[in-house]
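Descriptive analysis of the structure
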2 protein chains.
Amino acid sequence: MERFTVDPARFLADLHALRQFGKDGVGVRRRAFAEPDIAARDWLAKRMSDAGLTPHFDPVGNLFGLAPGPSLLLGSHSDTQPEGGWLDGALGVIAALEVARASAEAGCSPISVVSFQDEEGCFGALTGSSVWSGKLDLAEADTLTAADGTTLAEARACLGGRAGDFIDPKQFTGFLEMHIEQGPALDLAEEAIGVVTGIVGSRQLEITVQGQQNHAGTTPMAMRRDALTTVTRIVAGLERAFANVVTPQSVWTIGQLHLHPNAPSIVPGRAVFTLQWRDEDADRLERMEKVINEVLDEVRQGTGCAITSRRLRQMLLPVPMDGQMQTALCQAAEAVTPGRWRSMPSGALHDASNVAELMPVGMLFVPSINGISHAFEEDTAEADLVDGLKVLADAAQRLARG
Amino acid sequence: MERFTVDPARFLADLHALRQFGKDGVGVRRRAFAEPDIAARDWLAKRMSDAGLTPHFDPVGNLFGLAPGPSLLLGSHSDTQPEGGWLDGALGVIAALEVARASAEAGCSPISVVSFQDEEGCFGALTGSSVWSGKLDLAEADTLTAADGTTLAEARACLGGRAGDFIDPKQFTGFLEMHIEQGPALDLAEEAIGVVTGIVGSRQLEITVQGQQNHAGTTPMAMRRDALTTVTRIVAGLERAFANVVTPQSVWTIGQLHLHPNAPSIVPGRAVFTLQWRDEDADRLERMEKVINEVLDEVRQGTGCAITSRRLRQMLLPVPMDGQMQTALCQAAEAVTPGRWRSMPSGALHDASNVAELMPVGMLFVPSINGISHAFEEDTAEADLVDGLKVLADAAQRLARG
């Protein structure tokens, strides 16, 4: 089989063309099913068609550009956060388009393209790939509502005559997703490529500390059951106890905290906070939960506060990337950016975690300048975008050669 | 001079009569200048008159019951919190009435009575005694507004023809205020009387921790500048550093805390919280502030977060009670409730702290059941109410004897 060569200028031109849909300064507002999103998908369908692919919308708005016969599938998503960056999922979609187009032009193995719908979660999260992968029933998804009260059923009605059937995943031999890192690791290390080893799993608890609300002047310190100082004991306990369990890739966050009654002259009677932790290793996620419960028990006994916890959302299991996919990506990275790449987990969720239900998946990252994403100022150096494109193309050819 | 004897039944009857004004279940709603407050003051003026005292409203609504010639002044306030208890200031006013009445009936030294207005701060705080003591100019006070937008000038217009001039404080030889403790110390120790050594001073800072808001999945722990974990370091630092400075009576409280953006999947970028501390000793208040600044410096250097602080409100200086007043109260307490009393600071503010600008002041506490006050369920055992009355009467007689 012959090799093909991607065209960086054509790729960058398409990437900037997609940026115009919902453009706001240097950023983009392209929420799923909003007018800029649908206009962008119609434009993308035309570009797929021009590239010799057959564009196809499925019922939930995922847009495929289908190559004939069994093919590798490349892509990501083209919807954005309310105040989104211009790259995020768009990068992976346009890189996929260029690789598929270059491969088709050179008569190489067929490569298909996808832009999943609502990865950014107007309705739930990773909505399009969740439905396609079978994780989420369409009838159930239809009842999900956006912040303005619109249901998914109402939103996807705007697809009109575009929507066809669901695509049978069996025609795809595997899925590769290129994405910006959305974190600082590659940028800080001045590396060009991250080959994703797995998408981390996460768990989240809502923890309630019930102490005793009291007058801040008349209640001696020794008699207080202060919910906030109890939270600080929990944090200190977690920092100490996690040290024996975690790796440098493990993360945990108390991102939300509400005090009651939250007044300067009243000893806080109640604190409610979220504790979220993520890791690539399902066993470690479980061990971290055990440690959390031990710390809560210890603090409960020490402070006299009642401490209760409940799971706030579904546990997300870690999703390891396919070994063969990782190998192809590592070899491609070493060929294109020798010594300037690393293997790393993805701390953020991606459509690839759903597609992994259907076929082997792999992912690669390019650097995010200052680690910024989900913000207008999100950006990546042009040379890094092109290196990412070349690694994706190289890996696709390695996989096609088998 | 002959001794006089108070009448506990008459005292309790008056206390329950005052409770009817604004009664709500077991509690009371009697906000300053609201209809129940003015009706209660008119009733109280009549009871003063019946007791041989000359009732007199001053321009800000303080109600005096004046004995002829130089006299000791006893009293407190009869307004309540929006959801107030039945005792709070009312206890001190009715106890004063009974002591003055009994003294007058027995032909003993003249004793005057006062019910200050708006101690509970519809307009500012301790409004009536602040104006009378000269701490707050009436013209300035008139511009203070209640939560509903009413100014004090508008509110006090309801006094109509009642309001006379300000009373010259020089006619009073001293002031004694009896109050519920509003804290748990006496109740827990099963003691009957607290002789107040001083009203604590307080200081309050608003502290802002500025870290870096980040994605909770993609930002490694070692790269985070997490505003909340920085707050926990501040709390731990304060606990450690205060240990060398404080007494068991010193208190400090973080009662209010706001995180930004306060979302489970985002590393908190900013925390803003109040730090309030109170102590009876002005030097110790100052030393505690020095310790706070040292801890903030230490944490600032350790975490890389910017930490700034500003004074949120006027510093309140501690107000020591007069030595002779304390001696009289201690002797009275030992006589009435031998071995069942203690000297203690007041962690809460009282009108006595303003009256101390004008004359020698003393205060005594009776127990609050479970330390509860500013709530409908606030209560004190009847025997403790009567013991308080007797101690107040005994101390007044000791002071009259000189």
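This one's a predicted model, so the numbers in the text were calculated from it and none came from an experiment.

Quick notes on the overall build of chain A
Of regular secondary structure, chain A possesses twelve helices and 18 strands. Computed over its C-alpha atoms, the radius of gyration of chain A comes to 24 Å, within 12% of the 21 Å expected for a compact globule of 402 residues. Each of the three principal axes of chain A carries a C-alpha extent, and together these read 80 × 50 × 40 Å. A burial count over chain A gives 58% of its 402 residues as buried. For chain A, the proportion of contacts with a sequence separation of at least 24, taken over those separated by at least 6, is 79%. Of the roughly 14,900 Å² of accessible surface on chain A, a fraction of 50% belongs to carbon and sulfur atoms.

As for the interface of chain B and chain A
The interface is formed by 45 residues belonging to chain B together with 44 residues belonging to chain A. Counting each side, the surface lost to burial between chain B and chain A is near 3,700 Å², with a carbon and sulfur contribution of 58%. Notably, a salt bridge pairs Arg233(B) with Glu239(A), separated by 3.2 Å at the nearest N-O pair. Put simply, chain B and chain A have 18 residue pairs in polar contact (both at pLDDT 80 or more) between them. Mapped by element, the contributors of at least two residues to the side of chain B that touches chain A are helix H7 (185-189), helix H8 (227-242), strand E11 (251-253), strand E12 (257-260), strand E13 (266-267) and strand E14 (270-279) of chain B. For the side of chain B that touches chain A, the element with the most residues is H8(B), which contributes six residues. Counted by class, the side of chain B that touches chain A contains 21 nonpolar, 19 polar and five charged residues.

Some thoughts on the confidence of the model for chain A
Parts of the model with low pLDDT should not have their predicted coordinates read in detail. For chain A, the average pLDDT comes to 95, and 99% of its residues sit at 70 or higher. In the predicted complex, the global pTM is 0.85; the interface-specific ipTM is 0.85.

Looking at the pattern of salt bridges
Opposite charge on two side chains makes pairing possible when the charged atoms of those side chains draw close. As enumerated under the stated definition, the model contains 50 salt bridges over all chains in all. Each of Arg10(A), Asp14(A), Lys46(A), Arg47(A), Asp50(A), Glu98(A), Arg101(A) and Glu105(A) takes part in salt bridges that share partners, so that together they form one network.

Looking at the UniProt feature "binding site: Zn(2+) 2" (unreviewed entry) in chain A
All names here are of chain A. The UniProt record marks Asp88, Glu120 and His374 with the feature "binding site: Zn(2+) 2" (unreviewed entry), using the residue numbering of this structure. What stands out for the annotated residues spanning 287 residues is how close their C-alpha atoms remain, the widest pair being 10.0 Å apart. Inspection of the secondary structure assignment puts aspartate 88 in helix H3 (residues 88-105). Its relative accessible area of 5% is what places aspartate 88 among the buried residues. The contact partners of aspartate 88, leaving out residues within four places of it in the chain, are His77, Glu120, His179, Ile180, Gln182, His374 and Glu378. A distance of 3.0 Å separates a polar atom in the side chain of aspartate 88 from a polar atom in the side chain of histidine 179.

Let's talk about unusual backbone geometry
Residues and elements named next belong to chain A. Put simply, histidine 260 and proline 261 share a cis peptide bond, and its omega is 0°. By the secondary structure assignment, proline 261 is in the loop between strand E12 (257-260) and strand E13 (266-267). Positive phi outside glycine occurs at glutamine 182, with the angle close to 65°. By the element assignment, glutamine 182 lies in the loop between strand E7 (172-180) and helix H7 (185-189).

Concerning the packing of aromatic side chains
Residues and elements named next belong to chain B. Throughout the structure, instances matching the rule amount to 18 aromatic pairs over all chains. Note on phenylalanine 64 and phenylalanine 172: the rings are 6.0 Å apart at their centroids and 5° apart in plane angle, and the pair reads as stacked. Of this pair, phenylalanine 64 sits in strand E4 (residues 63-66) while phenylalanine 172 is found in strand E7 (residues 172-180), placing the two residues 108 residues apart along the sequence. Both residues of the pair, phenylalanine 64 and phenylalanine 172, count as buried.

Here's the deal with the relation of the copies chain B and chain A
Once chain B has been moved 0.2 Å along the axis and rotated by 179°, it coincides with chain A to within an RMSD of 0.2 Å. What we have between these two chains is a two-fold relation. Relative to the rotation axis, the closest C-alpha in chain B is found at Thr232(B), a distance of 2.5 Å. By residue overlap, the copies meet face to face through one surface: 98% of the interface positions of chain B are interface positions in chain A.

Focus on the packing of helix H3 (residues 88-105) of chain B against helix H12 (residues 382-401) of chain B
Packed helix pairs are specified by the crossing angle of their axes together with the interaxial distance, meaning the distance between the axes. Residues and elements named next belong to chain B. In contact at an axis separation of 10 Å, H3 and H12 are set at 50° when each is read in the N-to-C sense. The angle between H3 and H12 places the two elements in the oblique class. The handedness of the crossing between H3 and H12 is right-handed. Residues Leu91, Ala95, Ala96, Glu98 and Val99 of H3 touch H12, and the partners they reach there are Leu385, Leu389, Leu392, Ala393 and Ala396.

Things to note about the packing of helix H10 (residues 323-336) of chain A against helix H12 (residues 382-401) of chain A
Residues and elements named next belong to chain A. The N-to-C vectors of H10 and H12 enclose an angle of 130°; their axes lie 8 Å apart at closest approach. Judged on the interaxial angle alone, H12 and H10 are oblique. Like other packed secondary-structure pairs, H10 and H12 cross with a definite hand, here right-handed. Contact residues: Gln324, Met325, Ala328, Leu329, Gln331, Ala332, Ala333, Ala335 and Val336 in H10; Asp387, Lys390, Val391, Asp394, Ala395, Arg398 and Leu399 in H12.

Considerations on the pairing of E12(A)
Residues and elements named next belong to chain A. Burial along E12 is one-sided: the face carrying Leu257 and Leu259 is buried and the face carrying His258 and His260 is not. Where E12 meets strand E14 (residues 270-279), four bridges bridge the pair, whose relative direction is antiparallel. Bridge assignment links histidine 258 to a residue of E14, and that residue is valine 272.

Cut-off values and rules
Residues numbered from 1 in each chain as written. Chains lettered and ligands numbered in written order. Predicted model: local features only at pLDDT ≥ 70, side-chain atom pairs only at ≥ 80, totals over all residues. Heavy atoms only, no water. Helix = DSSP H or I, 4+ residues; strand = E, 2+ residues; numbered from the N terminus. Rg over C-alpha atoms; globule rule 2.2 N^0.38 Å. Buried < 20%, exposed > 50% of the residue type's maximum accessible area, 1.4 Å probe, protein only. Contact = heavy atoms within 4.5 Å. Areas by Shrake-Rupley, 256 points an atom, 1.4 Å probe, with all protein chains shown as cover. Buried area = accessible area lost by both parts, 1.4 Å probe. Salt bridge = Lys/Arg side-chain N within 4 Å of Asp/Glu carboxyl O. Polar contact = N/O pair within 3.5 Å; in protein donor to acceptor, adjacent residues only side chain to side chain. Nonpolar A, V, L, I, M, F, W, Y, C, P; charged D, E, K, R; others polar. pLDDT = per-residue confidence, 0-100. UniProt positions renumbered as here; feature names shortened; annotations may be inferred. Phe/Tyr/Trp six-rings, centres within 6.5 Å; stacked < 30°, edge-to-face > 60°. Least-squares fit on C-alpha atoms with pLDDT ≥ 70 in both. Axes fitted to C-alpha atoms, helices over the stretch in contact; angles between N-to-C directions. Parallel < 35°, antiparallel > 145°, perpendicular 65-115°, else oblique. Left-handed = near helix turned anticlockwise from the far one by under 90°. Pairing = 2+ DSSP bridges.

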